[in-house]
Amino acid sequence: MSDTVLRRRLMAILAADAVGYSRLMAGDEQATLASLDAARGVFQTEVASNQGRVIDTAGDSVLAVFETASGAVSAALAIQSLLTAAASAESDERRMLFRIGIHLGDVIEKPDGSVYGDGVNIAARLQGLAKPGGVTVSDSIRSAVKGKIAASYEDQGPQQVKNLAEPVRAFHVRSQDEAKAQPMRAEAPRVESKRVDKPAIAVLPLNNMSGDPEQEFFVDGITEDIITELSRFRDLFVISRNSSFKYKGQPLHVQKVAAELGVQYVVEGSVRKAGNRIRLTVQLIDAETDTHIWAERYDRELADIFAIQDELTSTIVSILPGRVHAASSERAARKTTDNMAAYECVLTGKRLHHQSRREDNEKALALLDRAIALDPSYAHAHAWRGCTLGQAWVYGWCADREATYNEIVKSLQTALALDENDSDVHRILAAIHLVQHEQERCLHHQQRALNLNPNDDLVVVQQGEILTWKGEPEAGIEWVRKAMRLNPYHPERFWGHLGRAYFTARRYAEAVDAVRHMSTLEAGQRASLAGCYAQLGDQPAAAEQARQALALAPNFSATEFLKTLHYFHAADLDHVRESLLKAGLPA
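Residues numbered from 1 in each chain as written. Predicted model: local features only at pLDDT ≥ 70, side-chain atom pairs only at ≥ 80, totals over all residues. Heavy atoms only, no water.

Student: What should I look at first to understand the pattern of salt bridges in this one?
Tutor: Close approach of charged atoms allows side chains with opposite charge to pair. A complete count under the given rule lists 25 salt bridges for this structure. The shortest N-O distance in the salt bridge between R358 and E362 comes to 3.7 Å. With R358 and E362 both in helix α12 (residues 358-374) and four residues apart, this pair spans about one turn of that helix. A relative accessible area of 41% places R358 in the partly exposed class. Classification of E362 as partly exposed rests on a relative accessible area of 47%. Here the salt bridges share partners, and the residues they tie into one network are R9, R53, E67 and E109. (Salt bridge = Lys/Arg side-chain N within 4 Å of Asp/Glu carboxyl O. Helix = DSSP H or I, 4+ residues; strand = E, 2+ residues; numbered from the N terminus. Buried < 20%, exposed > 50% of the residue type's maximum accessible area, 1.4 Å probe, protein only.)

Student: What is the right way to look at the nonpolar core in this model?
Tutor: What tends to happen in soluble globular proteins is that the nonpolar side chains get buried as a cluster. Formed by 64 residues in total, the largest nonpolar core has its most connected members in V263, L498, V576 and L580. Apart from residues no more than four positions distant in its own chain, L498 is found in contact with I477, V480, R481, M484 and A514. (Core = buried A, V, L, I, M, F, W, Y, C linked by side-chain atoms within 4.5 Å. Contact = heavy atoms within 4.5 Å.)

Student: In this structure, what is going on with the packing of helix α13 (residues 379-395) against helix α15 (residues 423-435)? I would like to understand it.
Tutor: What describes two packed helices is the angle between their axes and the distance between those same axes. Closest axis-to-axis distance for the α13/α15 pair is 9 Å, and the angle between their directions is 30°. Compared by their axis directions, α13 and α15 come out roughly parallel. Between α13 and α15 lies a crossing of left-handed hand. Between α13 and α15, the contacting residues are H380, A383, W384 and C387 on the first element and D424, V425, R427 and I428 on the second. Grouping the amino acids of the contact of α13 with α15 by side-chain chemistry returns five nonpolar, one polar and two charged. (Axes fitted to C-alpha atoms, helices over the stretch in contact; angles between N-to-C directions. Parallel < 35°, antiparallel > 145°, perpendicular 65-115°, else oblique. Left-handed = near helix turned anticlockwise from the far one by under 90°. Nonpolar A, V, L, I, M, F, W, Y, C, P; charged D, E, K, R; others polar.)

Student: Before we go on, may I ask you to explain the packing of aromatic side chains in this structure?
Tutor: How two aromatic rings sit relative to each other is set out by the distance from centre to centre and by the angle between their planes. Going through the model one piece at a time under the given rule, you end up with six aromatic pairs. An angle of 75° between the planes, with centres 4.8 Å apart, marks the rings of W469 and Y567 as edge-to-face. Of this pair, W469 sits in helix α17 (residues 457-469) while Y567 sits in the loop between α23 (558-562) and α24 (570-582), placing them 98 residues apart in sequence. The residues W469 and Y567 share a single accessibility class, namely buried. Each ring, one from F503 and one from Y508, has its centre 5.9 Å from the other, and the planes form 65°; the classification is edge-to-face. (Phe/Tyr/Trp six-rings, centres within 6.5 Å; stacked < 30°, edge-to-face > 60°.)

It is worth stressing that arrangement in space is one thing and function is another; only the former is reported here.
So, in structure tokens, the structure goes:
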């Protein structure tokens, strides 16, 4: 064909795709189509307003091109703001959100306006890397618009994507409003997802094939148990349940998930429960080559569930490269239950606990009490009762804090007496002894928790916390970073732990960068941030943070704040006091 038919141009390409579209259609086709039509109207209006045109709306996707890179980014941010606001009125299950990817590159344009080429492919791959409701751009877009749009860019690093020989460097874009809601230094460094020197694996949520939504809790519980059992092997790097469950209910692309989580291997499968029988189908996939390494179907009595879990995890571990046979590994002896009703009560209780809501906490506690009534010797039920009470104690959901605290200790002591190999028990006991300034007991239980479950992100981040309190902040930094790699979707508080470790290490600029990832800061965190700025010699910033700390807690004083800290050595407490006073906070 001649150049009069095909034209090569440099354009900004925007690719968008609805999140969970198939799931939404399965739930309510009419409502989903109405939401999709409304969303397409938003795309058409904002694209046209920014010197662009929509060229394709196949299925639940949108493809648009722009004359300028700034027009593409401006349109994308406006679209996401409008769609997110519209979706906020819907329930979590019915929200229609989009991922958007943008690239600046060469395309081939046909006379009818359609475009083709690597530039389109890269935009589509960037879309797949975006967060729901988010915008991800290539380095070419970031370079073209930097300083021209009120936005910041979070470097996601080089990303290896399908059908492209070279990695694509991606950036998550935050609008000025989003940056205010979630303060972040422009292009703040991510916690590096460096490749670990051991097999890294993620267990994705198993599919419920029972045809009964009420069995969802059971299937989720089986997934969580498999993650826990794999985590006991020290020579594996196992992604936490919190990160794995981010993919629940989403259409899965194994290689994309593996790239996001930084793993080589993925476990996926399904569970069908009917009466007293269970069918568990599972497969192990090498994500780098997209090949199935192993698959198995277990069709057994429900009472055999623990044996199935043991067989499944042992097989997976023995298959992975560089591993000795699972039989030669040291396994923590487990004390399970023969009462399946008690087991299901614990599974449901754990699921409710993870919701982190007061009403769910109360329901979880009732179920765990029921499990203990059914089987008083079920150690894991006592452990999770202590954990659930601990959640209520931390969030202030209890009428009598002292009585609740005593109940926590009682539940954990009972669990420990029944089974000394439950990592959750030792993790919580370590935290309790830390608060009580019983340092040797704290260190003992923390080490036990770490030995029993070295891949639990909560155990690992707590190791970083305790090392910081112990006066070893450089080691603490590495442990907190490891927890962030185990759980790429970690809670914001992990940034707070990292910030404290940097502050204790006298690495003040890095402490400030870490804390800026947090959307909400308490008075003590504001005060600590003021101390960092004071140590950096930025007195205006220190004064502003001190002002905000006092606005949140008018009676704040350095003396009272120090009583809430758990440093082992007086020198670290003196360092905090000096920093706060240097920032102008009351003694």
